[in-house]
Amino acid sequence: MILTFSLPREWLGALPEEVDLVQRESGDVSPREWLLKEVGSADGLLCSLADRIDEEVLGRAGRLRIISTYSVGYDHIDVRAARARGIRVGYTPEVLTDSTADLVMALLLAVARRVAEGDRLVRSGGWREPWSATFMLGADVHGKTLGIVGMGRIGRAVARRARGFDMRVLYHSRTPKEGVDAEYVSLESLLAESDFVVLAVDLNPDTYHLVNYDFLRRMRRSAFLINASRGKVVAEDDLVRALREGAIAGAALDVYEEEPLRADHPLTRMENVVLTPHVGSATVDTRRRMAEVAVENLMRGLRGEPLLYEVPA
Ligand code: DGY
């Protein structure tokens, strides 16, 4: 089997000794040429969202029986084409839900209370007065309205956290969900009433560029956009335009249309924007648990057993 990215050896604990693990000697993520060359002889593939598993890769994967991705998102895999070749696809939901929801709250708090901006100011020597009543005023979080777009595992986990901040929680998804402690509303109402709009959808043809200029114009001018789902859910050029025009108050983003985000991207020059480098699930405990699930999916796939988590058809 092949592993396309580097993982601490001890996280691969459940991988039996006899498994022939093919991995590049150096580099965090393998180049595509390496994958295209190696996939021909592999019966299992452990990949990440940095790999694009498309027809070109699958066309060379004559022996492959299982693709196990080290992620909850699987938009980087042509799942239909894999299935058509009898290849199963495993992923790692649940174990990263809480860490990702924690990061969403961190982004929300950071952009509302200007945490990153304040940190930059202090470090650069720009904090010159001891205290002032009107210095670096931000927006309250408690008592405000949070609108969650999409209500899967991460949406629910964000809703639970928001309750702890005494927020009113609205949500919109294709259909109302059972057992959600939040009010189901139309997208129109959510955008009109929310002080914070959190994106908690996966990337698919329906959600690609869901957040465009029109979406942003329908938000409150005082509202903030938070995205830790997938970058391509947001049309970034439209977001830049809306921020420049003051159509919304700010944004906090963990994901981008192209990753890594260019250092000279217009978003990097906006003080009312908080940027983190796609780290929603990046805690030691969560990444270790993701490795356990990914390895277990892989081994079950090789043995022809039901996966712990198989990507839904
Ligand atoms: C995922 O798993 O899809 C996250 O984006 C990264 O862990």
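Residues numbered from 1 in each chain as written. Predicted model: local features only at pLDDT ≥ 70, side-chain atom pairs only at ≥ 80, totals over all residues.

Structural notes on the sheet that holds strand β12 (residues 273–275)
- Overall, parallel pairing links the seven strands, which are arranged β8-β7-β6-β9-β10-β11-β12 in an open sheet. Either end of the sheet is taken by a strand with one partner, and the two such strands are β8 (183–184) and β12.
- Strand direction decides the pairing type here: strand β6 (residues 145–149) and strand β9 (residues 196–199), joined by four bridges, are parallel. Among the inter-strand pairings, Val149 is bridged to a residue of β9, identified as Leu199.
- On the sheet, helix α4 (residues 97–112) packs against β9, β10 (224–227), β11 (250–253) and β12 and is oriented at approximately 150 degrees with respect to β11. (Pairing = 2+ DSSP bridges. Helix = DSSP H or I, 4+ residues; strand = E, 2+ residues; numbered from the N terminus. Contact = placed C-beta atoms within 7 Å. Axes fitted to C-alpha atoms, helices over the stretch in contact; angles between N-to-C directions.)

Comments concerning the site of the ligand
- Neighbouring residues of the ligand: Leu49, Ser71, Val72, Gly73, Leu96, Gly280 and Ser281.
- Here the shell around the ligand is built from residues that sort into three nonpolar, four polar and no charged. (Near = placed C-beta within 6 Å. Nonpolar A, V, L, I, M, F, W, Y, C, P; charged D, E, K, R; others polar.)

As for the pairing of β11
- Of the two faces of β11, the one carrying Gly250 and Ala252 and the one carrying Ala251 and Leu253 are both buried.
- With four bridges joining them, β10 and β11 adopt parallel strand pairing. From the neighbouring strand, Asn227 faces β11, where its bridge partner is Leu253.
- Crossover connection from β10 via helix α9 (residues 236–245) to parallel β11: handedness right-handed.
- Sheet topology note: the β11/β12 ladder contains three bridges and is parallel. Along β12, the bridge assignment pairs Ala252 with Val274. (Buried ≥ 20, exposed ≤ 12 C-beta atoms within 10 Å, placed from the backbone. Right-handed = clockwise from strand over helix to strand, strands pointing away.)

Some remarks on the pairing of strand β4 (residues 66–69)
- The side-chain alternation of β4 yields two buried faces, one formed by Ile66 and Ser68 and the other by Ile67 and Thr69.
- Inspection of the sheet shows strand β3 (residues 44–47) paired to β4 by four bridges, in the parallel sense. Opposite Leu46, over in β4, you have Ser68 as the bridge partner.
- Traced from β3 through helix α2 (residues 55–60) to β4, the parallel crossover comes out right-handed.
- Pairing of β4 with strand β5 (residues 88–90), which is carried by three bridges, proceeds in the parallel orientation. Paired with Ile67 across the bridge in β5 is Val89.
- In terms of handedness, the path from β4 via helix α3 (residues 79–84) over to β5 forms a crossover that is right-handed.

Focus on the domain arrangement of the protein
- What the domain assignment reports for the protein is domain 1 (2–95 + 283–303) and domain 2 (97–275).
- Between domain 1 and domain 2, the C-alpha centre-to-centre distance is 31 Å.
- Tallying the contact residues gives six residues for domain 1 and seven residues for domain 2.
- When the residues that make up the side of domain 1 that touches domain 2 are grouped by side-chain class, the tally is one nonpolar, three polar and two charged. (Domains from an automatic or database assignment.)

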